[in-house]
Amino acid sequence: GQGQTESTNHRRLDESTESVLPPVCTDECAPTDTNCLCQRLANCTSLMTNYDLSVLFANGYIESDSSSSNYGGLSVGASELNVFNVEDNAYNTFNSIMITAASIDESSTPEECTAFLEQFHQSCDPLSSSGSSSSGSTSSASSAPTCSSANVESFQLSVDEVCENVHSPTKLLLSAIGYVFDGYASDNGDTTYVTSCGEERVSYQSCQTFIQAFEELYSARNESIYPYPNPMRPDPQTPVDTSSGTVLFPTKYLFEQNVYGVASVALPDPSTAIASDSRIFVIGSQNCLSCSTSDCSQASCNDNYASQQFSYDPTTYQIRQSSPSGYCLTNQAGSVNIIMSGCSSASLYQKWRYNPLTYELSTFQDPTKCMTSNGVYVFCDGSLDMQFRVPSNWLPDISTNVLHSIRLGNTDTCFDFENDLLSLMACNDGASQQFVFDASTRQIKQGGYCLDTTEDTAFMNADCQQNLPSQMWIYDETAQSLKSFSSENCLTESNANPIFQPCTGSSYQKFIVPFQWKPAISSTSIVDLVLTRVNGLNYCMDASEAANSDFTMMPWTVDMQECDPTQQSIHQYWVYNSTSRLVMNGQYCLDATVQTSNG
């Protein structure tokens, strides 16, 4: 019959649609199909990230001109961009939107969908096509409006306008997201802290999304040409998450920063290099660095001057002079002078790193200082006198090569873990001498092993355990000493073995750790202790009772004791774990369950 024929024809049509029918553009939903529009809104929103939502609410106030120095920034001050109910707590608002999107289904009522859509608004009128609106909106060359003055109202978005922001291609700086949606800084620089410190920040989540996407892209590189791991990952073996230390983000302390707060995280910019050259160019004076065995200074650039011809050795991290051979750029030990001296592959005073963002040259021995164009080595201050351009063929090696060894003072002796034995041996930059510090657990690791302690010795333990005091480490930058949370003694070198002895300040207790570990490994210091000031005296939270009592006496009282300026008392060391939100002292956690008589 007719029904059977139509059914057969429909099946044939379905089977042949892909090859016979031309593509036809159709609307996602009819304008009056509420159920379809509701589901489409939910589907689009479920695909959006914190970054997409930030762009959506700030759209029109984002500088889109790629030639502008403010590209990706805001066209108005953060205080002039009003996002109304969102700015009170953007993180929770965005999170609520995503949760609601997941709950929308065919049974949702039109009222529920309308209420959901009403959460989406924009500070710049999306319908403005010419002139200016009450919000200061003006038309642009494209259909997208732009706004340049403070808004006094917001504008409801349609389902289509919301869906256009899925995987938004618009560039919006993370700093701008922080200013508007996290509120951690006002226009005049005063801290406001609209949201609490920690992971619950839109900018943190946006950064995490970017890092994860970049990690996927970076993993597809040609490793034979680009062997270096993702420069935004301190430890490529640790999965990316919002925990401290797994990614590098400007508001995290793991960033190495110059005096202006500029973070050194990017691969070198080729524009900072001198192509096909062997000279070190002084940016401030347009001269070149010229060095001899007696001093270094700047002089007019001249291809014929042997004193201006250098090469970089990526295996030893040394800057060598072409003629005479055998001489390397050196910061003289115990001096501020920089000269050409006989090359020694073990000397940290001859190992150099170039910061491609600040254009500074520093030694591995003391990365807080920088070389000047007059041949002295002093604390970095961001001045032009410290800014250089290096030959392009040195990049990226001179910017990414770093040591991860633990060295005994200014000696040629390093920690070495080989054949299940931890000892101190001559430094060789080999894999057995490379260690990483996990800031989230305070563990010093190599492969699947963690640095651990017994009462009087140190060893590498295959059984890594978080929150185990004997595997949690702190570095005293002043004394250059390493301690575990389980002992008040210091790590000490004795006959090439790592042992623990009372802290005396001996040269056998002075160690140099990789500068990338700082200040994370030193963060539990006197300035980070939980303290209060009474009559000019500092008192710190002290957990001595927990260490001196048995389990039958739990819970123990936390006392306020006078702060120990020598940092010998491990009972005043407190660590905040941003993942678990626990405040810990060794293996114990701060607890407010029981109210004691003294509060």
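Below is a short write-up of the structure. What you see is a predicted model; the values in this text were computed from it and never measured.

Let us now look at the overall build of the chain. Across its full length, the chain carries 11 helices and 34 strands. Counting only residues that meet the buried cut, the chain has 44% of its 599 residues in that class. Of all intrachain contacts in the chain linking residues separated by at least 6 positions in sequence, the fraction that spans at least 24 positions is 53%. Counting only carbon and sulfur atoms, one obtains 50% of the accessible surface of the chain, whose full area is about 29,900 Å².

Between helix 3 (residues 50-58) and helix 9 (residues 202-218), whose axes approach to 8 Å, the crossing angle comes to 125 degrees. What the angle tells us is that helix 3 and helix 9 run oblique. For the pair helix 3 and helix 9, the contacting residues are Asn-50, Tyr-51 and Ser-54 in the first and Val-202, Gln-205 and Ser-206 in the second.

For the structure on display, the rule yields 11 disulfides. Here Cys-44 pairs with Cys-163 through a disulfide, and the sulfurs are 2.1 Å apart. Taking the torsion about the sulfur-sulfur bond, which here is approximately 105 degrees, the covalent link between Cys-44 and Cys-163 counts as right-handed. Linking Cys-44 in helix 2 (residues 34-46) with Cys-163 in helix 7 (residues 159-163), this pair joins segments that are 119 residues apart in sequence. For Cys-163, a relative accessible area of 11% puts it in the buried group.

The next subject is helix 2. Taking 1.5 Å per residue as the helical rise, helix 2 with its 13 residues ought to reach 18 Å, and the 18 Å between its terminal C-alpha atoms agrees with that figure. Taken together, the buried positions of helix 2 are occupied by Cys-38, Arg-40, Leu-41, Ala-42, Cys-44 and Thr-45. Check the buried side of helix 2 and you find it contacts helix 5 (90-103), helix 6 (110-117) and helix 7.

Ranked by size, the top nonpolar core spans 40 residues in total, and within it Phe-57, Phe-120, Leu-172 and Phe-181 carry the most contacts. Within the residue set of this core, elements represented by two or more residues are helix 2, helix 3, helix 5, helix 6, helix 7 and helix 8 (174-182). With 6 residues, the top contributor of residues to this core is helix 3. Not counting the four nearest positions on each side in its chain, Phe-120 is found in contact with Leu-41, Thr-45, Leu-53, Leu-56, Phe-57, Ile-97, Phe-155, Gln-156, Leu-157 and Val-162. Among the nonpolar cores identified, the runner-up in size contains 25 residues, and Tyr-312, Tyr-317, Ile-319 and Ile-338 belong to it.

The next thing to look at is a negative patch on the surface. A cluster of like negative charges, contributed by Asp-105, Glu-106, Glu-111 and Glu-112, occupies part of the molecular surface. Along the chain, Glu-112 turns up in helix 6. We classify Glu-112 as partly exposed; its relative accessible area is 44%.

This brings us to the packing of aromatic side chains. Tallying each qualifying case throughout the model produces 9 aromatic pairs. With 5.6 Å between their ring centres and 50 degrees between their planes, Phe-94 and Phe-181 make a pair best called tilted. Linking Phe-94 in helix 5 with Phe-181 in helix 8, this pair joins segments that are 87 residues apart in sequence. There is no split in this pair, since Phe-94 and Phe-181 are both buried. Between Phe-116 and Phe-120, the aromatic rings sit 5.4 Å apart at their centres with planes inclined by 75 degrees, giving edge-to-face as the arrangement. For Phe-116, a relative accessible area of 2% translates into the label buried.

With antiparallel pairing, 4 strands are arranged side by side in an open sheet as 7-6-5-16. The two strands at the open ends of the sheet, each matched to only one other strand, are strand 7 (296-299) and strand 16 (388-389). Pairing analysis gives 4 bridges linking strand 6 (residues 287-291) to strand 7, with the strands arranged antiparallel. Note that in strand 7 the partner of Cys-291 across the bridge is Cys-296.

A few words on the packing of helix 8 against helix 9. At a minimum axis distance of 8 Å, the contact between helix 8 and helix 9 shows a crossing angle of 150 degrees. The orientation of helix 8 relative to helix 9 falls into the category roughly antiparallel. Here helix 8 contributes Leu-174, Ile-177, Gly-178, Phe-181 and Asp-182 to the contact with helix 9, which in turn contributes Val-202, Ser-203, Ser-206 and Cys-207. Looking at the contact of helix 8 with helix 9, its residues break down into 5 nonpolar, 3 polar and 1 charged.

Taking strand neighbours across the sheet as the criterion, the 4 strands line up as 20-21-22-23 in an open arrangement whose pairing is antiparallel. The open sheet has two edge strands, strand 20 (436-438) and strand 23 (458-461), and neither has a second partner. Shown here is a sheet whose adjacent strand axes are inclined to one another by a mean of 40 degrees, direction ignored. In terms of strand pairing, strand 21 (residues 443-446) meets strand 22 (residues 449-453) through 2 bridges, oriented antiparallel.

Now for unusual backbone geometry. Residues Ser-323 and Pro-324 are joined by a peptide bond in cis, for which omega reads 0 degrees. Of note, Pro-324 is situated in the loop between strand 9 (318-321) and strand 10 (327-331). Within the chain, Gln-480 stands out as a residue other than glycine whose phi angle is a positive 60 degrees. Under the relative-accessibility criterion, Gln-480 is labelled partly exposed at 27%.

This paragraph deals with the environment of Gly-375. Tracing the sequence through the fold places Gly-375 in the loop between strand 14 (369-371) and strand 15 (377-379). With a relative accessible area of 5%, Gly-375 lands in the buried category. Here the alpha-carbon distance between Gly-375 and Asn-331, two residues 44 residues apart in the chain, equals 9.0 Å.

Right, let's get into the environment of Cys-207. Take Cys-207: it is sitting in helix 9. The class for Cys-207 is buried, based on a relative accessible area of 4%. Placed 34 residues apart in sequence, Cys-207 and Leu-173 show a C-alpha to C-alpha distance of 9.9 Å.

A separate point is the pairing of strand 8 (residues 310-313). Two strands pair when backbone bridges link them, and strand 8 and strand 9 are joined in this way by 4 bridges, in the antiparallel orientation. Paired with Tyr-312 across the strands is Ile-319, a residue of strand 9. Between the antiparallel neighbours strand 8 and strand 9 lie 4 residues, among them Tyr-317 with a positive phi of about 65 degrees.

Rules behind the numbers
Position numbers for residues start from 1 in each chain and track the written sequence from start to end. pLDDT decides what is reported in this predicted model: residues at 70 or higher carry local features, side-chain atom pairs at 80 or more are listed and counted, and totals for whole chains, interfaces and linings draw on all residues regardless. Hydrogen atoms and water are omitted, and side-chain values are computed over all heavy atoms in the structure. Here a helix means four or more residues in a row that DSSP labels H or I, a strand means two or more in a row labelled E, and each is numbered from the N terminus. Three exposure classes are used, based on accessible area relative to the maximum for each residue type with a 1.4 Å probe and protein chains only: buried under 20%, partly exposed in between, and exposed over 50%. Note on contacts: a residue pair is in contact if any heavy atoms of the two residues lie within 4.5 Å. Throughout, the Shrake-Rupley method with a 1.4 Å probe supplies accessible areas, and for residues the shown protein chains are the sole cover considered. Note on geometry: axes are lines fitted to C-alpha atoms, helical ones only across the stretch in contact, with angles between N-to-C directions running from 0 to 180 degrees. Oblique is the label for every angle not falling under 35 degrees (roughly parallel), over 145 degrees (roughly antiparallel), or within 65 to 115 degrees (roughly perpendicular). Only a pair of cysteine sulfur atoms within 2.5 Å counts as a disulfide in this structure description. To estimate how far a helix should extend, the number of its residues minus one is multiplied by 1.5 Å. Put simply, a nonpolar core is a bunch of buried Ala, Val, Leu, Ile, Met, Phe, Trp, Tyr and Cys residues held in one set by side-chain atoms that sit within 4.5 Å of each other. To count toward a patch, a residue needs a relative accessible area over 30% and no salt bridge; like charges are then connected within 9 Å, while nonpolar side chains (Val, Leu, Ile, Met, Phe, Trp, Tyr) are connected within 5 Å. Every case where a carboxyl oxygen of Asp or Glu lies within 4 Å of a side-chain nitrogen of Lys or Arg is listed as a salt bridge. We score Asp and Glu as negative and Lys and Arg as positive, and we do not count His or the chain ends. Note that the charge is assigned to NZ on lysines, CZ on arginines, CG on aspartates and CD on glutamates. Here is the rule: rings of Phe, Tyr and Trp (six-membered ring for Trp) pair when centre to centre is within 6.5 Å. Planes less than 30 degrees apart are stacked, more than 60 are edge-to-face, and the remainder are tilted. A pair of strands is considered paired only if DSSP assigns at least 2 bridges between the two. Residues are grouped as follows: Ala, Val, Leu, Ile, Met, Phe, Trp, Tyr, Cys and Pro are nonpolar; Asp, Glu, Lys and Arg are charged; all remaining types, including Gly, are polar.

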